[in-house]
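Structural overview for review
Listed below are the residues making up each chain.
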Amino acid sequence: MESGRGRRPYVVASCAMSVDGLIDDASDRRLVLSNDADLDRVDQVRAECDAILVGAETVRRDNPRLLVRSARRRRLRREEGRPDSPLKVTLTRSGDLDPAARFFTEGGAETLVYAASAAYTRTRDRLGSVTTVVDAGSSPEPDEVLADLWARGVRRLLVEGGERVHTAFLTADLVDELHLVIAPCFVGHADAPRFVGPGPFPHHPGRPMTLVEVRPIGDVALLRYRLGSGRDAAAGDQADR
Ligand SMILES: Nc1c(N[C@@H]2O[C@H](COP(=O)(O)O)[C@@H](O)[C@H]2O)[nH]c(=O)[nH]c1=O
C-alpha cells in the first residue's frame, strides 16, 4: 500500500445517535435511530461520495449493504459516468469477515478491504475471490488509508462508523465535516457502542468545531459541523446546497 501524508479525499463523517450518545443497543438486532426522511438524506450524502467506509465490526454487527437506495440517484450517478453506488471500504485487524456478508454480495459495487499485515494472507485467501484486499501494515491507519484511497481516485469519502472508526478518524483530525443526528430517545445500555470512545480529540473545548447547520428532520435533529482549517472549501460547499 502506498503510504505518506500527501493529498487525501474530503472526508464527511456521519452518525445517528441517541440522546445518551449510543449508536446501537446490546441486542443482535440492528438499531435504526434515523427516521425515513433522515435515511433519505443520508442516501443523498452517499450518492455524492466516491466511497463509503465502515469498520469491520460494523460489517459483522449490522451486515450493511451500503448502497444508494434511490433509483433516481443511481440513475443520476450513471449519467455522470459513475457507478450506481460508491466504492465500499472496510478496515480490519483480524481479517474476520464473511465473504457472504451483504457488504460484498449486494449491489455490485466495488469493495476494498484494508487488512493489517498479520492478517493479510489469511484475509486474501478468504476474501480474495469477492474483493480486493490491501496490506495495510501493522494496523490500518486513517492517514495511510486516505492516501491510498486518493491514489485510487477517491475524492470524497463518507465515513459511517462505528465507534472505533469514528474515534480513529476524528482523533487523527482527518474529518472535514461531521453530520450528527440526535434521535429523541435514550438507549441506556452500558455495553452498547457509542458514537466515539475516549481519545485525544483535536476539537476539544479550547478548539471547537464550527456549527454550520441545525436542521429538524421530523423528530430527529441534524447538527452539521465543519472541522479543521476549512481545507478544500469547494468540496465542502457541495453539502451546503
Ligand atoms: N443505524 C443508522 C445508520 N447506520 C449506518 O448505516 C449502515 C447500514 O446501511 P444500509 O445497510 O445500507 O442501510 C450501518 O452499518 C451503519 O453504518 N445510519 C444512519 O444514518 N442512521 C441510523 O439510524
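Residues numbered from 1 in each chain as written. Predicted model: local features only at pLDDT ≥ 70, side-chain atom pairs only at ≥ 80, totals over all residues. Heavy atoms only, no water.

Notes on the nonpolar core
Residues Leu53, Tyr114, Leu149, Leu157, Phe169 and Phe195 are the most contacted members of the largest nonpolar core, which totals 32 residues. A total of four residues in this core trace back to one element, the largest contributor, which is strand S1 (residues 10-17). Discounting chain neighbours no more than four positions away, the residues touching Phe195 are Cys15, Met17, Gly21, Ile23, Gly162, Glu163, His166, Leu170, Leu178 and Leu180. Grouped together as the second largest cluster of nonpolar side chains are 19 residues, Val12, Ala101, Val113 and Ala115 included. (Core = buried A, V, L, I, M, F, W, Y, C linked by side-chain atoms within 4.5 Å. Buried < 20%, exposed > 50% of the residue type's maximum accessible area, 1.4 Å probe, protein only. Helix = DSSP H or I, 4+ residues; strand = E, 2+ residues; numbered from the N terminus. Contact = heavy atoms within 4.5 Å.)

With respect to the confidence of the model for the protein
Residues of the protein with pLDDT of at least 70 account for 92%, and the chain-wide mean is 93. Low pLDDT, under 50, characterises residues 230-241; the predicted model gives this stretch 19 contacts beyond four residues in sequence or across chains. For this predicted complex, the interface confidence comes out at an ipTM of 0.96, alongside a pTM of 0.93. (pLDDT = per-residue confidence, 0-100.)

As for the environment of Ala151
Mapped onto the secondary structure, Ala151 falls in helix H6 (residues 142-151). Residue Ala151 is classed as partly exposed on the basis of its relative accessible area of 45%. Distance in space between the C-alpha atoms of Ala151 and Ala190 is 40 Å, their sequence separation being 39 residues.

Quick word on the pairing of strand S2 (residues 51-55)
Across the five residues that make up S2, a large majority, five, are buried. Here S2 shows no split at all, with Ala51, Leu53 and Gly55 on one side and Ile52 and Val54 on the other all buried. By the bridge criterion, three bridges tie S2 to strand S6 (residues 156-159) in an arrangement that is parallel. Bridge pairing in S6 links Leu53 to Val159. (Pairing = 2+ DSSP bridges.)

A closer look at the environment of Pro86
Tracing the chain through its elements places Pro86 in the loop between helix H3 (71-79) and strand S3 (87-92). You can call Pro86 buried: its relative accessible area is 0%. Distance from Pro86 to Asp148, taken between C-alpha atoms, is 16 Å for residues 62 residues apart in sequence. Every residue in contact with Pro86, bar those within four places of it in the chain, is listed here: Arg46, Cys49, Asp50, Ala51, Ile52, Val68, Arg77, Ala109 and Glu110.

Some remarks on the site of the ligand
Surveying the vicinity of the ligand reveals 18 residues, the closest of which are Leu33, Ser34, Arg46, Arg65 and Arg69. The separation between a nitrogen atom of the ligand and a polar side-chain atom of Ser34 is 2.6 Å. The fraction of the free accessible surface of the ligand (520 Å²) that becomes covered by protein chains is 93%. Elements that contribute at least two residues to the shell around the ligand include exactly helix H1 (36-47) and helix H2 (56-62). Broken down by element, the shell around the ligand gets its largest block of residues, three residues, from H1. Grouping the constituent residues of the shell around the ligand by class yields ten nonpolar, two polar and six charged. (Near = heavy atom within 4 Å. Polar contact = N/O pair within 3.5 Å; in protein donor to acceptor, adjacent residues only side chain to side chain. Areas by Shrake-Rupley, 256 points an atom, 1.4 Å probe, with all protein chains shown as cover. Nonpolar A, V, L, I, M, F, W, Y, C, P; charged D, E, K, R; others polar.)

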